[in-house]
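Residues per chain are reported as follows:
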Amino acid sequence: MNIKISILVPVYKVEAYLPRCIESVLSQDFTDYELILVDDGSPDKSGKICEEYASRYPEVIKVIHKKNGGLPSARLAGFQQASGKYIMFLDSDDYLLTDALSLLYHKIEEGYDMVRGGFKMVSKQKEIVFPPKKATSFEGNTKYRKDLIFGNIDGFLWGALYKKEVFTENVFKSIIGLSIGEDWCTNFIVADKIQKIFFIKDIIYAYWMNDSSIMHQTLASHKYVEKMHEPVKEAVKNDAYLTSLLNAHRMAAHINLGFHHEIMYEDRYRVELNKYIEYNGQETISKMLCKRYYLAFRHSSILYRIFNFIIGQIMKYKKYKGVSLSLIHI
């Protein structure tokens, strides 16, 4: 059978959401797909749920059981078994809208390397829709990487359809060990093979706001930021312009982190920031900061540290309701 789409679903501690995810694929109006469920050593009943669905739908569902190794490792295992012409990534606590595959497939068949749709964020209490501003196409790959750096486009792997040849096993291997920002890194690395991109205006994906997910409980450390930028830095080592932008992105990440109360203040990042602005100006890096006022008081070590502490305390109690996030180191 000539499979058109391989849907890769890493599975870990999602027994409450996994059936909904699988059912959303089974209910698609496009049927020429395979669903690859990668049980990443999940300690709950998720692996059993995978097997139950595979026994009921053996013609479309494959199950891989592996030792826990993290999201990139699970995606690698799924990619190695994928037979489709195109690849879709679906997180196991999320779900697809009924016409997601057909909408993405018919557009990517026009000769695109990637097609992305709109999405909505859902919880028990609310639903927030994020459609593209308009249906549009553009030529990669420098523009694609630039837009990723500035956050002008989503860096998620989910919610899109890719040509399979965009990826290699080494892409996933290069980011094994990352647990935050791995989607962004993957998209950045594969940009060399993404020349034609299209954004459809349709909502095709539902992102479940799961408070127990790693994204809602953890915070990168300064060491983690450096580790995350290593594989992407390698991807643009021969491009001086993108290397410069990426350096600003790395620096902005350090500055943004410094305003969290969980992060121990290190004045060297203020010093590095001032040195960068001295030679490059502040317009580029200011666009990458969570708040432009993070540049305030940067010329004074004492005032900047006090300012840093005050903002950190405000964030702690206003944004995080007094809860401290766990730090991810390396």
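What counts, and at which threshold
- Residues numbered from 1 in each chain as written.
- Predicted model: local features only at pLDDT ≥ 70, side-chain atom pairs only at ≥ 80, totals over all residues.
- Heavy atoms only, no water.
- Salt bridge = Lys/Arg side-chain N within 4 Å of Asp/Glu carboxyl O.
- Helix = DSSP H or I, 4+ residues; strand = E, 2+ residues; numbered from the N terminus.
- Buried < 20%, exposed > 50% of the residue type's maximum accessible area, 1.4 Å probe, protein only.
- Axes fitted to C-alpha atoms, helices over the stretch in contact; angles between N-to-C directions.
- Parallel < 35°, antiparallel > 145°, perpendicular 65-115°, else oblique.
- Left-handed = near helix turned anticlockwise from the far one by under 90°.
- Contact = heavy atoms within 4.5 Å.
- Nonpolar A, V, L, I, M, F, W, Y, C, P; charged D, E, K, R; others polar.
- Core = buried A, V, L, I, M, F, W, Y, C linked by side-chain atoms within 4.5 Å.
- Phe/Tyr/Trp six-rings, centres within 6.5 Å; stacked < 30°, edge-to-face > 60°.
- Lys NZ or Arg CZ within 6 Å of the ring centre and 35° of its normal.
- Disulfide = S-S within 2.5 Å.
- Polar contact = N/O pair within 3.5 Å; in protein donor to acceptor, adjacent residues only side chain to side chain.

A.B. asks: Got a minute to help me understand the pattern of salt bridges in this structure?
C.D. replies: Any two side chains of opposite charge can pair if their charged atoms end up close together. Within the structure shown, the criterion is met by 19 salt bridges. With a shortest N-O distance of 2.9 Å, Glu-109 and Lys-85 are connected by a salt bridge. Of this pair, Glu-109 sits in the loop between α4 (100–108) and β6 (114–122) while Lys-85 sits in the loop between α3 (71–81) and β4 (86–89), placing them 24 residues apart in sequence. Glu-109 gets classed as partly exposed once you look at its relative accessible area, which sits at 36%. Between Lys-173 and Glu-169 there is a salt bridge, with the nearest N and O atoms lying 3.7 Å from each other. Taken together, the residues Lys-173 and Glu-169, both in helix α6 (residues 169–173) and four residues apart, mark about one turn of the helix. Take Lys-173: its relative accessible area is 42%, and that puts it in the partly exposed class. For Glu-169, a relative accessible area of 34% puts it in the partly exposed group. Several salt bridges converge on common partners, so that one network encompasses Arg-75, Asp-91 and Asp-183.

A.B. asks: Would you mind going over the packing of helix α9 (residues 222–235) against helix α10 (residues 240–258) with me for this structure?
C.D. replies: In a pair of packed helices, the angle between the axes and the distance between the axes together describe the arrangement. Packing of α9 against α10 brings their axes to within 10 Å, and their N-to-C directions diverge by 165°. Relative to α10, the element α9 lies roughly antiparallel. Judged by the twist between their axes, the crossing of α9 over α10 is right-handed. Contacts from His-222, Val-225, Glu-226, His-229, Val-232 and Lys-233 in α9 reach Leu-246, His-249, Arg-250, Ala-253, His-254, Leu-257 and Gly-258 in α10. Of the residues in the contact of α9 with α10, the class split is five nonpolar, five polar and three charged.

A.B. asks: What is the right way to look at the nonpolar core in this model?
C.D. replies: Counting 72 residues, the largest nonpolar core has Tyr-144, Phe-167 and Trp-184 as the members making the most contacts within it. Excluding its chain neighbours within four sequence positions, the residues that come into contact with Phe-167 are Phe-79, Phe-89, Leu-157, Tyr-162, Phe-172, Thr-186 and Val-190. Core analysis: the next-biggest nonpolar cluster, separate from the first, contains 39 residues, Leu-37, Ile-49, Leu-101 and Ile-204 among them.

A.B. asks: Could you clarify how one ought to interpret unusual backbone geometry in this entry?
C.D. replies: Leaving glycine out, the prevailing phi sign among residues is negative, and the prevailing peptide bond configuration is trans. With a phi angle near 65°, Phe-297 is a residue other than glycine that sits in the positive phi range. Exposure remark for Phe-297: the relative accessible area of 44% places this residue in the partly exposed category. Phi angles above zero are rare outside glycine, and Lys-321 is one such case at about 55°. The topology assignment puts Lys-321 in the loop between α13 (301–319) and β12 (326–328). Given the relative accessible area of 66%, Lys-321 is considered exposed.

A.B. asks: What's the story with the packing of aromatic side chains in this structure? I'm lost.
C.D. replies: Centre distance and the angle of the planes are the two values used to describe a pair of aromatic rings. This structure, assessed with the given rule, holds 26 aromatic pairs. Look at Phe-89 and Phe-167: their rings are 5.3 Å apart centre to centre, the planes differ by 75°, and that puts the pair in the edge-to-face class. Residue Phe-89 is found in strand β4, and its partner Phe-167 is found in the loop between β9 (160–163) and α6; the two are separated by 78 residues along the sequence. Of the residues examined, Phe-167 reaches a relative accessible area of 3% and is grouped as buried. For the pair Phe-259 and Tyr-304, a centre-to-centre distance of 5.9 Å together with 80° between the ring planes defines the contact as edge-to-face. Within this pair, whereas Phe-259 is found in the loop between α10 and α11 (268–280), its partner Tyr-304 is found in helix α13, the two being separated by 45 residues in sequence. One aromatic cluster in this structure is built from Phe-119, Phe-130, Phe-156, Trp-158, Tyr-205 and Tyr-207. A cation over a ring is seen here: Arg-20 above Trp-208, with NZ or CZ 4.5 Å from the ring centre. It is Lys-164 that lies over the ring of Phe-79; its NZ or CZ is 5.7 Å from the centre.

A.B. asks: Help me understand the packing of α10 against α11 in this model?
C.D. replies: At a minimum axis distance of 10 Å, the contact between α10 and α11 shows a crossing angle of 145°. Along this stretch, α10 crosses α11, giving a crossing that reads as left-handed. In contact with Ser-244, Asn-247, Ala-248, Arg-250, Met-251, His-254 and Ile-255 of α10, α11 contributes Tyr-269, Glu-272, Leu-273 and Tyr-276. In terms of residue class, the contact of α10 with α11 is built from six nonpolar, three polar and two charged.

A.B. asks: What is the right way to read the state of the cysteines from this model?
C.D. replies: Think of a disulfide as a covalent bridge from one cysteine sulfur atom to another cysteine sulfur atom. Considering all chains together, one arrives at zero disulfides under this definition. Of all cysteine sulfurs, the one in Cys-290 lies closest to Cys-185, which takes part in no disulfide; the gap is 17 Å. Judged by its relative accessible area of 0%, Cys-185 is buried. Given a relative accessible area of 55%, Cys-290 falls into the exposed group.

A.B. asks: Got a minute to help me understand the environment of Asp-91 in this structure?
C.D. replies: Considering the arrangement of structural elements, one finds Asp-91 in the loop between β4 and β5 (95–96). Taking the C-alpha atoms as reference, Asp-91 lies 23 Å from Pro-231; in sequence the two are 140 residues apart. Those residues in contact with Asp-91 that sit more than four places away from it in its chain are Val-9, Cys-21, Arg-75, Trp-158 and Tyr-205.

A.B. asks: Even after reading the chapter, I still don't get the environment of Ser-46, so can you show me in this structure?
C.D. replies: Relative to the helices and strands, Ser-46 resides in helix α2 (residues 46–56). Residues Ser-46 and Asn-2 lie 44 residues apart in sequence; the distance between their C-alpha atoms is 29 Å. A polar atom in the side chain of Ser-46 sits 2.8 Å from the side chain of Asp-44.

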